[in-house]
Amino acid sequence: MAIPESEQWNLHTRHTLKRYEEALLRQVAHKLCKPRGQWPMHELLDRIASAVTNTPMIDRRLKELPVESRRIMCVIARSRVARWPVGSLIEMLVALGAKDGLAALVNLLESGLLLPELFPLGSDPDAGKTASRARLKSFAAWLTRSDPMPMVLASPLVTNRAFKEDLGIACIEVQAEGSTIHEADGLDWPLRVAVLWQQANGAPLRRTQQGGFFKRDHDRLVGDPILGSPPTDALTPIPDPGLFTAALAFATGLLHEQETELHAGAWTPAWKAPLPTLLVHLWTALGRIVSWNPAQGNAPSDLPGSPYTSAYLLAILYLAQMPEKSWASPADVETWIALRHPYWLGKKTDSLGIATFLLGIAYSLRLLQATKAPDGGWLVRLAPLGRWALCYSDEPPAVPSFKHTLLVQPNLEILAYRQGLTPELIASLSRIGTWKTLGAACTLQLEPHSIYRALEMGDTLTSIVQLLEGHGTKALPGAVLDSLKTWSSKRERIGVYSAGAIFEFTSPTEMNEAIARGLPAVRLTDRLAIVANEKDIEYKHFRLTGTRDYNLPPEKCVDVEPDGVTLSVDLGRSDLLLETELQRFAEPVAAHPSGDGPGAKGNRTFYRITPGSILSARQHGVALSYLETWFGQRTGMPITAAGWLLVTGSEAGPVELRRQLVVHVANEHLADGLQQWPGTRPLIRARLGPTTLVVDEADVPVFAEHLKEIGVKVLFEA
Amino acid sequence: MIEKAQTRIPVKLHRNVALVTTEDAVLAEELLAHKKLAENIVGRLSDRVLLIRAGRVEAVVQELRRMGHTPQVL
C-alpha cells in the first residue's frame, strides 16, 4: 500500500534526525522548537518531527529567518521539486541577491526546515547502520563534500508556507505590437518522447562511459526523420532535438539505465493523467537534464550538475513576477540571468540559450504564450498552464476533449488528429502502432510487430479493437480487423515459458482434481500441467513428493544394478530431462529385474542398456564422451565396464579364440617358480591367475618332462 | 455443517522449467527441424511440448522471432 505523502515525509524526517549527532539535534531543536528544558533525545526527535507539520510554528520560524532563506523556500515551493542539488540552490540565492547563499542554506538546515539527503526519500534505512555509521556532526562540513553531490530535501508542508514571499525580481515590460496571442498545444514533446520510447523498445540506446551515445545511436537520434527534425510547435529551433528528447525521456523515467544502455521503461503514472499534469511532469524533469543544454545542444559532461537546472527555473520565475497580461522579451530574461547567475558572471558568453529555452521548449510545453514585438521578434508571458505549474493558480487550465480523434484506414494507417490526443491515448497508440509522422495530424502504421509488442505488454485483441473503435471517427475497416485477428492468433501458436512450475501428478484423475480446486495450470500431458507464475500456486492443496529446480545442475538420481547395464531411477529425485536423456541410449524395462512385477517398483523405474539401444544411440550421435559425462552427473560413478563394452566393443580389435591348456598348480609360489625357472619359462604362454598358467598343447610333452625332472607330479584331465 | 477436509494431492514439482508449447505437433516438428533452434532444445515432453536447455530461453525467443514467429512469452 502506498504511504501518504505527509506520512512519508514524517517517517523520512525521523529517520534523518536519528542520524544527527546529539549536539546537532539539540541545535536544530533549539532553533525550531525552542525547548525550555533538557529533553531526552527521543522526545526531542518527536518534537522536531511534529514541529515541521505545525503550520503556525513553521510560519513563526520562517518570519524569524533572513529574507534570502525565505526566498529560496518560496522558489523550492514554486518549482514543485522537493529534492534539490545544493549548488543549484546557491546559484538561485545569489541570482536573487543573496551575498552568501551557503549561509542561507545552513540557516534553513539548522532550523530543521530543510533536510540533508542522507538516504533516498522513501527508502527504509538500515537501523543497524544508523547506529554504527558516523553521525552527522555539522552541516557546514556536510555541505563541502563533492561526491556524491550534496542534495537537500524540502517537505512541501514547509515550503508551501513560503509561497507568498516576494522574490525581489525587477522585470522589464515590453509593449506588444498586435493582439494575436500564440499558445502551443503542448503535445510536441510528449509525442516525441513517445516516439523515442518506441524506438528504444525496439533497440536500446547504448551509452559510452562518458555519458554520450555510441556513434550508431547518436546518428540514429540526430538523423531520425521525426526526432531529429525541429519541433513543429515551437517559435525557434533548438539544437540536437533528438538528443534533447532522449535526455528528457531519461529524466522523466520513461527510459531507464541498464548497465550502459538506455531501455524503454514502463509508462509512468503521469501518462495516465490529463495533459497539464504530464506537461508539469516534463517541466519538473527539465532540471535533471545534464547532458544537453539550449546553447550547445548535446553536451555530455562528467560534472554531476548543470547551471541550467537553476537557470530554467529563474527564467520562468522572472516571467511569473510580471503582471498577468504583460509581455517580456526573451532577450531581457537572458540578460537578467547573465548578469546575476554566478555561473555566467564575468564570463563572455555569446548566448546562454535561455531565449532558445523559452521559445523552443517552454513555449512548446505550453508554459508560455507568445506575441509579436514591434521589432518583429517574439515576446512571451506565462500561459495559464505555466501559472498553474508555478502554483500561481489552483486549477489547471481546462483541456478540450475530442474523444473521436482517430481515423483507421484500410491500408492499416492510423490518422491521429492532434486536438484529441491525451497522454494515455499517446501511450496506448505507441504500443500498438509505429509512429510515422508528427504534425497537425499524426500518422501511425499498424504492423505485425507493433501489434505483437502491444500483446506482449498486456494488451489483448479486444482491448486494441476497443481502443481503435472507441476513439475512431469511423467503424474499423474489415481488412484491419482481419489483420489484427490474424496477427493476434499467430501469437497464440507458440508459447514460451521462461521459468514455469510443472506439476507432475501420479494420475490424470489427480491432475483433474487439482485443476478443479483452482490450480491455474495449463495441461501439457495427461499427468503434467504448468503454472507460468509460481506465486499463483496455493500449496495448501498439495503434498510435495519431490522438488527439482532446473536452475541447479542435474541431480544424481540413478543407481546402477550389479549387471552394469540396468539403471534404477529414483523417481523422487529425477527430473523431466532424465527420461529424455535415458531414452537416447537405454530401453525401459517391462519387468522388474528381479522378475517380480512390472518395470516400475516402489518409487523407482528401470531402464536397461542393450546392444540394440546402444546401436540406436550411436546412429543418433551419442558418443562415449556423452555417456561418460552422463554417468558422472546422474549416477556419481564412471561408466560401467559393461556399458563401456557395449559402446566401444565394435571399435575394439577382434577377439581371438585359440586352443591352449590351462595348468592349475597347487599354490602361487609354484606358479611363480614355473614362470621364472629357465627350464619351463619359455613354455609358459600366459598367466591367467595366481595359480593358473597357459601352455601350448604341442609343448605338453616337454613341459611334463621338465616337471618330472624337478619332481612335480602331473595330472591330466580325465 | 462441517465440510469434509480435502486431502492433499501428492505431486512432484519441477521448478524453473523453460519450455516451448506449440499449437500442434507439426509446428513442433518444424521447430525441431531448425538446426539453430534444436541446439537449445533438450527434450520433448509431448508431441507439442519442447524442453529448453537451461539458460537459453532468450536465445530461443530470439531465434523464433528471427524465424518470423511471434511467441507469447509467459
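Please read all numbers here as calculations on a predicted model, not as lab measurements.

What counts and what doesn't
Residues numbered from 1 in each chain as written. Chains lettered and ligands numbered in written order. Predicted model: local features only at pLDDT ≥ 70, side-chain atom pairs only at ≥ 80, totals over all residues. Helix = DSSP H or I, 4+ residues; strand = E, 2+ residues; numbered from the N terminus. Rg over C-alpha atoms; globule rule 2.2 N^0.38 Å. Buried ≥ 20, exposed ≤ 12 C-beta atoms within 10 Å, placed from the backbone. Contact = placed C-beta atoms within 7 Å. Nonpolar A, V, L, I, M, F, W, Y, C, P; charged D, E, K, R; others polar. Pairing = 2+ DSSP bridges. Domains from an automatic or database assignment. Axes fitted to C-alpha atoms, helices over the stretch in contact; angles between N-to-C directions. Parallel < 35°, antiparallel > 145°, perpendicular 65-115°, else oblique. Left-handed = near helix turned anticlockwise from the far one by under 90°.

A.B. asks: How do you make sense of the overall build of chain A when you look at a structure like this?
C.D. replies: Helices and strands together make up the secondary structure of chain A, namely 29 helices and 26 strands. Computed over its C-alpha atoms, the radius of gyration of chain A comes to 41 Å, more than 25% above the 27 Å expected for a compact globule of 718 residues. Structurally, chain A occupies a C-alpha span of about 140 × 75 × 55 Å along its principal axes. Put simply, chain A has 718 residues, and 37% of those count as buried. A separation of at least 24 residues holds for 64% of the contacts in chain A among residues at least 6 apart in sequence.

A.B. asks: Help me out: how do you make sense of the interface of chain B and chain A in this one?
C.D. replies: Accessible area lost upon the coming together of the parts serves often as the stated size of an interface. In this assembly, 36 residues from chain B lie in contact with 43 residues from chain A. Where the side of chain B that touches chain A is concerned, the elements lending two or more residues are strand 1 (9–22), strand 2 (41–46), strand 3 (49–52), helix 3 (57–66) and strand 4 (72–73) of chain B. The dominant element in the side of chain B that touches chain A, judged by the number of residues it contributes, is strand 1 of chain B, at 14 residues. Taken together, the residues that form the side of chain B that touches chain A break down as 21 nonpolar, 10 polar and five charged. Sheet analysis places strand 16 (residues 494–505) of chain A next to strand 1 of chain B, joined by nine bridges and oriented antiparallel. Paired with F505(A) across the strands is V11(B), a residue of strand 1 of chain B.

A.B. asks: Would you mind going over the domain arrangement of chain A with me for this structure?
C.D. replies: Split into domains, chain A comes out as domain 1 (5–162), domain 2 (182–389), domain 3 (406–486), domain 4 (501–541), domain 5 (558–651) and domain 6 (661–709). Here the C-alpha centroids of domain 1 of chain A and domain 6 of chain A sit 104 Å apart.

A.B. asks: Where do I start with the pairing of strand 10 (residues 368–372) of chain A in this structure?
C.D. replies: Put simply, side chains in a regular strand alternate between the two faces of the sheet. Residue and element names in this part refer to chain A. Where strand 4 (residues 182–183) and strand 10 come together, two bridges link them in antiparallel fashion. By the bridge assignment for strand 10, E183 is matched with Q369. Hairpin connection from strand 10 to strand 11 (residues 378–382): five residues lie between these consecutive antiparallel strands, with G376 at a positive phi of about 95 degrees.

A.B. asks: Would you mind showing me how to read the packing of helix 16 (residues 330–340) of chain A against helix 17 (residues 354–362) of chain A here?
C.D. replies: For any two helices packed against each other, one specifies the inter-axial angle together with the distance between the axes. Residue and element names in this part refer to chain A. Closest axis-to-axis distance for the helix 16/helix 17 pair is 8 Å, and the angle between their directions is 140 degrees. It follows from the interaxial angle that helix 16 and helix 17 lie oblique. Taken as a pair, helix 16 and helix 17 cross one another with a handedness that is right-handed. Residues P330, A331, V333, E334 and I337 of helix 16 form the contact with helix 17, whose own contacting residues are I354, A355, L358 and L359. For the contact of helix 16 with helix 17, a count of residues per class yields eight nonpolar, no polar and one charged.

A.B. asks: Explanation requested: the sheet that holds strand 11 of chain A in the structure shown.
C.D. replies: Pairing between the strands of a sheet is mediated by backbone hydrogen bonds and can be parallel or antiparallel. Residue and element names in this part refer to chain A. The three strands lie next to each other as 4-10-11, forming an open sheet whose pairing is antiparallel. A strand with exactly one partner marks an edge of an open sheet, and here the two such strands are strand 4 and strand 11. Examined bridge by bridge, strand 10 and strand 11 share five bridges and lie antiparallel to one another. Along strand 11, the bridge assignment pairs L368 with L382.

A.B. asks: Help me understand the environment of L31(B), please; the structure alone is not making it clear to me.
C.D. replies: All names here are of chain B. Along the chain, L31 turns up in helix 1 (residues 25–32). Taking C-alpha positions, L31 is 10 Å from R48, a pair spaced 17 residues apart along the chain. Residues contacting L31, with those up to four places away along its chain left out, are V20, T22, L37 and L50.

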